[in-house]
Amino acid sequence: MNYSIALVPGDGIGPEVIAPATEVLDAVGDRYGHVFNYVELEAGGAAIDSTGEPLPAATLEAATQCDALLLGAVGGPRWENLPGHLRPERALLGLRAALEVYANLRPAVLLPQLRSACPLKDEVLSASNHEGRAAFDLLIVRELTGGLYFGKRGRLEEESDGHRPGAAFDTETYSWREIERVLRRAYAAAALRRKKLCVVDKANVLESSRYWREVTAAVSGDYPEIETSFMYVDNCAMQLIRGPGQFDVIVTSNLFGDILSDEASVLTGSIGMLPSASLGDIVGGRPRGMYEPIHGSAPDIAGQDIANPLGTILSAAMMLRYSFGLEAEALAVEDAVGAVLDSGYRTRDIAARSAAGGEKIVGTQAMGKAVVELLETTRNF
Ligand code: NAD
């Protein structure tokens, strides 16, 4: 089958990590009989330099016409002093809004090979993991386009509590539709995993959280194979540290998801390892999707061939799974990444914290080639 992929390499290490990801996709295409057609688009600092704006209309137009979008990273010190509406990061918000991707999926996986990168003790990890392993694999689904970050906000200059006048407010507002659609994306993700969904909220205090529970009660009936549970966000923040292995999929609001996903990412060691997917409505049988590593453009290491490309390669695997429905192909990429790490290949960021011997420190390109070779040598299995 043929798939069109909007490719936004962006700035800094963006182009360096996107190149190996496309090589991996091409190897998957060769192995499974798919063709991936890339439409390379400018956004971020690179687009500011050539067109004067972070998200040219031509990029936006082309991005919405492709089957999925894969982005490296945007931004850098060179564009930092521009006014807010002209900064490279504007491109991200513009693309997310145009593609209407409201569910942000952030896996936090501690691979056994990178155990030493996790700050938690062995006994904490294995006690919380039902399989007794010192590793975990959880997925946080964060609502991305509603809630506190988009609600009514303002200043009340006249307000006074007897002291200095003035007050400020933000509001958490969620409609039934906004909650239902992100829940359904989370249930769909759980169906492809260990079939457990935990709704994280503050229902003991917040009316909006109680509404999330009402919607969940109505929607959960459509997913009888998924075990649904609820947890207060303060407890969840604690449980992620006490035992991340207890979680499969967590779904939560924009604010809680922002905080919890950063907390979870720290448990996995390097920012260079982590992928993400932002999904929208189903179009032609599959959700609209934008895929990117969670890291930024890392100007401090750009152009040196030392960036870890695995977060971007794993983002491409998420694209295969969610936007194209190619589960076997996604697993092949994830297995190849695991096998490359088993063989001792490490980029500098994951080597520094690894106590294991027999490591081969490699650059960005060599790491990508190692994953490609693995995919090619297992072609006939
Ligand atoms: P960053 O993620 O770019 O870098 C943080 C640290 O992690 C740096 O030390 C960097 O060297 C390291 N790092 C990041 N990715 C790595 C990788 N793949 N391999 C090895 N090490 C890696 O965050 P920052 O320094 O706060 O931001 C730099 C620029 O990126 C800023 O302009 C920021 O606005 C932008 N940014 C963009 C995105 C995005 O495009 N989605 C996200 C975050 C930040």
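Residues numbered from 1 in each chain as written. Predicted model: local features only at pLDDT ≥ 70, side-chain atom pairs only at ≥ 80, totals over all residues. Heavy atoms only, no water.

Caption draft 1: The site of the ligand, seen in detail. In the neighbourhood of the ligand, 20 residues make up the surrounding shell, with Val-74, Glu-89, Gly-296, Ala-298 and Asn-308 lying closest. Within the side chain of Asp-300, one N or O atom sits 2.9 Å away from an oxygen atom of the ligand. Tallied by class, the residues present in the shell around the ligand amount to nine nonpolar, seven polar and four charged. (Near = heavy atom within 4 Å. Polar contact = N/O pair within 3.5 Å; in protein donor to acceptor, adjacent residues only side chain to side chain. Nonpolar A, V, L, I, M, F, W, Y, C, P; charged D, E, K, R; others polar.)

Caption draft 2: A look at the layout of surface pockets. In this structure, the largest pocket occupies an estimated 700 Å³ of space. Val-109, Leu-111, Asp-137, Arg-193 and Glu-334 are the residues nearest the centre of the largest pocket, which is lined by 29 residues in total. Those elements giving two or more residues to the lining of the largest pocket turn out to be strand 4 (103-110), strand 5 (136-143), helix 10 (310-322) and helix 11 (327-342). A per-element tally of the lining of the largest pocket places helix 11 first, with six residues. Of the residues belonging to the lining of the largest pocket, the class tally is 18 nonpolar, three polar and eight charged. For the lining of the largest pocket, the domains that each give at least three residues are domain 1 (1-111 + 271-381) and domain 2 (119-267). Estimated volume of the second largest pocket: approximately 340 Å³. (1 Å grid on protein atoms, 1.4 Å probe; cavity = no way out; pocket = protein on both sides within 12 Å on 5 of 7 lines; lining within 4 Å. Points joined across faces, edges and corners; volume = space filled by probe spheres on them. Helix = DSSP H or I, 4+ residues; strand = E, 2+ residues; numbered from the N terminus. Domains from an automatic or database assignment.)

Caption draft 3: How the structure looks around the packing of helix 8 (residues 233-242) against helix 9 (residues 254-266). Axis separation between helix 8 and helix 9 bottoms out at 10 Å; the angle between their running directions is 10°. By the angle between their axes, helix 8 is roughly parallel relative to helix 9. Contacts from Val-233, Cys-236, Ala-237, Leu-240 and Ile-241 in helix 8 reach Phe-256, Leu-260 and Glu-263 in helix 9. Class assignment of the residues belonging to the contact of helix 8 with helix 9 gives a composition of seven nonpolar, no polar and one charged. (Axes fitted to C-alpha atoms, helices over the stretch in contact; angles between N-to-C directions. Parallel < 35°, antiparallel > 145°, perpendicular 65-115°, else oblique. Contact = heavy atoms within 4.5 Å.)

Caption draft 4: Fine view of the domain arrangement of the chain. Considered domain by domain, the chain is made up of domain 1 (1-111 + 271-381) and domain 2 (119-267). Look at where the C-alpha atoms of domain 1 and domain 2 centre, and you get two points 25 Å apart. Each partner contributes to the interface: domain 1 provides 22 residues, whereas domain 2 provides 23 residues. Approximately 1900 Å² of surface area, both sides summed, lies buried where domain 1 meets domain 2, with 61% of it carried by carbon and sulfur atoms. Broken down residue by residue, the surface that domain 1 buries against domain 2 is led by Tyr-102, Arg-106 and Leu-110, which jointly contribute 39%. In this structure, the connection of domain 1 to domain 2 is made through one salt bridge. Measuring nitrogen to oxygen at the nearest pair gives 3.2 Å for the salt bridge that ties Asp-262 to Arg-106. (Buried area = accessible area lost by both parts, 1.4 Å probe. Salt bridge = Lys/Arg side-chain N within 4 Å of Asp/Glu carboxyl O.)

Caption draft 5: How the structure looks around unusual backbone geometry. Phi at Glu-100 takes a positive value of approximately 50°, unusual for a residue other than glycine. With respect to the secondary-structure elements, Glu-100 resides in the loop between helix 4 (90-99) and strand 4. On the accessibility criterion, Glu-100 (52% relative accessible area) is exposed. (Buried < 20%, exposed > 50% of the residue type's maximum accessible area, 1.4 Å probe, protein only.)

Caption draft 6: Fine view of the sheet that holds strand 10 (residues 249-252). Spatial strand order, 2-1-3-12-11-4-5-10-8-9: ten strands in an open sheet with mixed pairing. If you trace the sheet from one side to the other, it starts and ends with strand 2 (35-40) and strand 9 (227-232), each paired once. On average, each strand axis in the sheet is tilted by 25° relative to the strand beside it, whichever way the strands run. Pairing analysis gives six bridges linking strand 8 (residues 196-201) to strand 9, with the strands arranged parallel. Pairing of Val-200 across the sheet is with Met-231, part of strand 9. Packed on one face of the sheet, helix 1 (residues 14-32) meets strand 1 (2-10), strand 2 and strand 3 (68-73) and runs near 165° to strand 1. (Pairing = 2+ DSSP bridges.)

Caption draft 7: Main features of helix 6 (residues 176-191). Over its 16 residues, helix 6 runs 22 Å from end to end, which matches the ideal 22 Å to within 8%, given 1.5 Å per residue. Listed in full, the buried residues belonging to helix 6 are Glu-178, Ile-179, Arg-181, Val-182, Leu-183, Arg-185, Ala-186, Tyr-187, Ala-189 and Ala-190. (Expected span 1.5 Å × (residues − 1).)

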